[in-house]
Structure formats: structure tokens, C-alpha cells
Amino acid sequence: MTPPETPKDGSAAHGTRSPAVSVSASETPARSLPQPQPVVIAKRRDFLAAARARRQGTKGMMVQGRKRRSDEPVGVGIRMGFTCSKKVGNAVARNRAKRRLREVARMILPIHGRSGWDYVLIGRAGGTADRPFEDLKNDLIYALKKIHGK
């Protein structure tokens, strides 16, 4: 399927706006250096270690963070894990909450997280799935500042 062509006279079929859009290089956001994406924690022992570490609660989530010891793999960079209990709801509600947490972590952790740290984000009943996305991002930034400041 080919995209529709813009009329030669500059007028679109419905109104005067053209459906074609161009973006110049000056309008695209500039990034200094590509940030490495965090690695997902999958082992139970890593979740248990994070549960014994620092934690900070917000309206949208609970964040657990710990600096890895010297005998653990530090070269991995940032590691993150996600969990939701059955208090959050049925499987559909838990998966929705975890998807939102994953997206927030993908956006925030490379900027505000620290290399050599593990973070576990825990969904809250009625908070994670219903909270506005911008508020979830601000919650994670707040929690990371508190965890790193202790």
C-alpha cells in the first residue's frame, strides 16, 4: 500500500491543511550519548536481595533499590525487575500494571538510575494502573532520589 500523495496546489481534500508532514533535523530532540538500556532481573535470589535493601513507596509504586556487591556482576550496568501481587487484581490488571512499570522504567532508569544498582518496581493496587503516566514517571524519579540519598 502506498501513502496518499499531497495535492500539487497545497490544499488537502478536507480543508486547507496538507496531510504530508516533514520534520527537519532541528525539530528532532538531540541526545548526547545513547544510554544503555537496563537488563531485566529474572532470578528469585536477585528479587530477594532487593527486598532486603532500600525501599521507597509512592502513590503509584513501591521501588526497591540496592547497590550490588563487588563479588556480583557489576559490568551489567542497571538491572530492573517488576512484580505485582494479586492485590492489584486479576491477571489482566497485573499485566497492565507491569507494562506501565516497564515503560516508566525504560524511560527513567537510564537517566536517573545508577550503574551497578538493582531496582525492583512493585505495582500498587488501584495506583499503578489508574495513575496518570506523567505522575508515574515523577513517582519513579522521586523514589530514585530518595533511595540514592540515603
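Just so you know, the residues in each chain are numbered from 1, in the order the chain's sequence is written. Two thresholds apply to this predicted model, a pLDDT of at least 70 for residue-level local features and 80 or more for giving and counting side-chain atom pairs, whereas whole-chain, interface and lining totals are computed over all residues. The basis for the side-chain values is all heavy atoms of the structure; hydrogens and waters are excluded.

If you look the chain up in an unreviewed UniProt entry, it shows as Ribonuclease P protein component from Phaeobacter gallaeciensis. What UniProt states about the chain under its Catalytic activity (unreviewed entry) heading is, verbatim, "Endonucleolytic cleavage of RNA, removing 5'-extranucleotides from tRNA precursor." UniProt positions are given in the numbering used here, feature names are shortened, and annotations may be inferred rather than shown by experiment.

Asker: I'd like a rundown of the pairing of strand S5 (residues 117-123), residues and numbers included.
Answerer: Among the seven residues of S5, six are classified as buried, and the element is accordingly described as predominantly covered. Where strand S3 (residues 61-67) and S5 come together, seven bridges link them in antiparallel fashion. Looking at S5, one finds that Gly65 is bridged to Tyr119. Between any two strands, at least two bridges found by DSSP are needed for them to pair. Starting at the N terminus, helices and strands are each numbered in turn, a helix being any DSSP run of H or I of at least four residues and a strand any DSSP run of E of at least two. Where strand S4 (residues 79-83) meets S5, five bridges bridge the pair, whose relative direction is parallel. Considered in S5, the bridge of Arg79 is made with Asp118. Read from S4 through helix H2 (residues 91-112) to S5, the crossover connection turns out left-handed. For the exposure calls, accessible area comes from a 1.4 Å probe over protein chains only, and a residue counts as buried if that area is under 20% of its type's maximum, exposed if over 50%, partly exposed in between. For the handedness criterion, the strands are oriented away from the viewer, and a crossover whose path from the first strand over the helix to the second runs clockwise is classed as right-handed.

Asker: Please give an account of the environment of Tyr119 that cites residues and values.
Answerer: Residue placement: Tyr119 occurs in strand S5. Between the alpha carbons of Tyr119 and Lys67 there is a distance of 9.0 Å; along the sequence they are 52 residues apart. The contact criterion used throughout is that any non-hydrogen atoms of two residues lie within 4.5 Å. Residues within four places of Tyr119 in sequence aside, it is in contact with Ile41, Gln64, Gly65, Ile78, Arg79, Met80, Gly81, Leu109, Gly113, Arg114, Leu144 and His148.

Asker: Let's hear about the nonpolar core: which residues, and what values?
Answerer: What makes a nonpolar core is a set of buried Ala, Val, Leu, Ile, Met, Phe, Trp, Tyr and Cys residues whose side-chain atoms join them at distances within 4.5 Å. With 22 residues, the main nonpolar core has Met61, Val63, Leu109, Tyr119, Leu121 and Leu140 as its most contacted residues. When contributions to this core are tallied by element, the ones reaching two or more residues are S3, S4, H2, S5 and helix H3 (133-149).

Asker: Any chance you could break down the side chain of Asp139 for me, citing the residues and the numbers?
Answerer: Note on placement: Asp139 falls in helix H3. Residue Asp139 is classed as buried on the basis of its relative accessible area of 9%. A distance of 3.2 Å separates a polar side-chain atom of Asp139 from the backbone nitrogen of Gly60. Contacts of Asp139, omitting those with residues within four sequence positions, involve Thr58, Lys59, Gly60, Met61 and Arg131. Two N or O atoms count as a polar contact when they lie within 3.5 Å, although within protein this holds only if one can serve as hydrogen donor and the other as acceptor, and sequence-adjacent residues are included solely when both atoms are side-chain atoms.

Asker: Before we move on, can you summarise the pairing of S3 with the specific residues and values?
Answerer: Counting buried positions over the seven residues of S3 gives five, a clear majority of the element. In terms of strand pairing, strand S2 (residues 54-57) meets S3 through four bridges, oriented antiparallel. Bridge pairing in S3 links Arg54 to Gly65. Counting the residues between successive antiparallel strands, the hairpin from S2 to S3 contains three residues.

Asker: Talk me through the packing of aromatic side chains; I want residue IDs and the actual numbers.
Answerer: Stacked, tilted and edge-to-face are the three classes applied to pairs of Phe, Tyr and Trp rings, where Trp contributes its six-membered ring and a pair requires centres within 6.5 Å; stacked means planes under 30 degrees apart, edge-to-face means over 60, and tilted covers the rest. The tally for this structure, following the rule as stated, stands at one aromatic pair. Measuring from centroid to centroid gives 6.1 Å for Trp117 and Tyr119, while their planes differ by 15°, and the two rings are stacked. Both residues of the pair, Trp117 and Tyr119, belong to the buried class.

Asker: Tell me what's going on with helix H1 (residues 44-51), and back it up with residues and numbers.
Answerer: Those residues of H1 that sit buried are Asp46, Ala49 and Ala50. Along the axis of H1, the buried positions cluster into a sector of 100°, meaning they face one direction only. Exposed residues lying more than 90 degrees from the buried face of H1 are Arg44 and Arg45. Here the buried face of H1 lies against S3, S4 and S5. The directions considered for the arc run from the helix axis to the C-beta atoms.

Asker: Describe the sheet that holds S5, listing the residues and the values that go with them.
Answerer: Spatially, the five strands line up as an open sheet ordered S1-S4-S5-S3-S2, and their pairing is mixed. Each edge of the open sheet carries a strand with a single partner, namely strand S1 (39-40) and S2. Relative to the sheet, H1 contacts S2, S3, S4 and S5, its axis offset from that of S3 by approximately 95°. Where helices are involved, their axes are fitted lines through C-alpha atoms of the stretch in contact, as for all axes, and angles between N-to-C directions lie from 0 to 180°.

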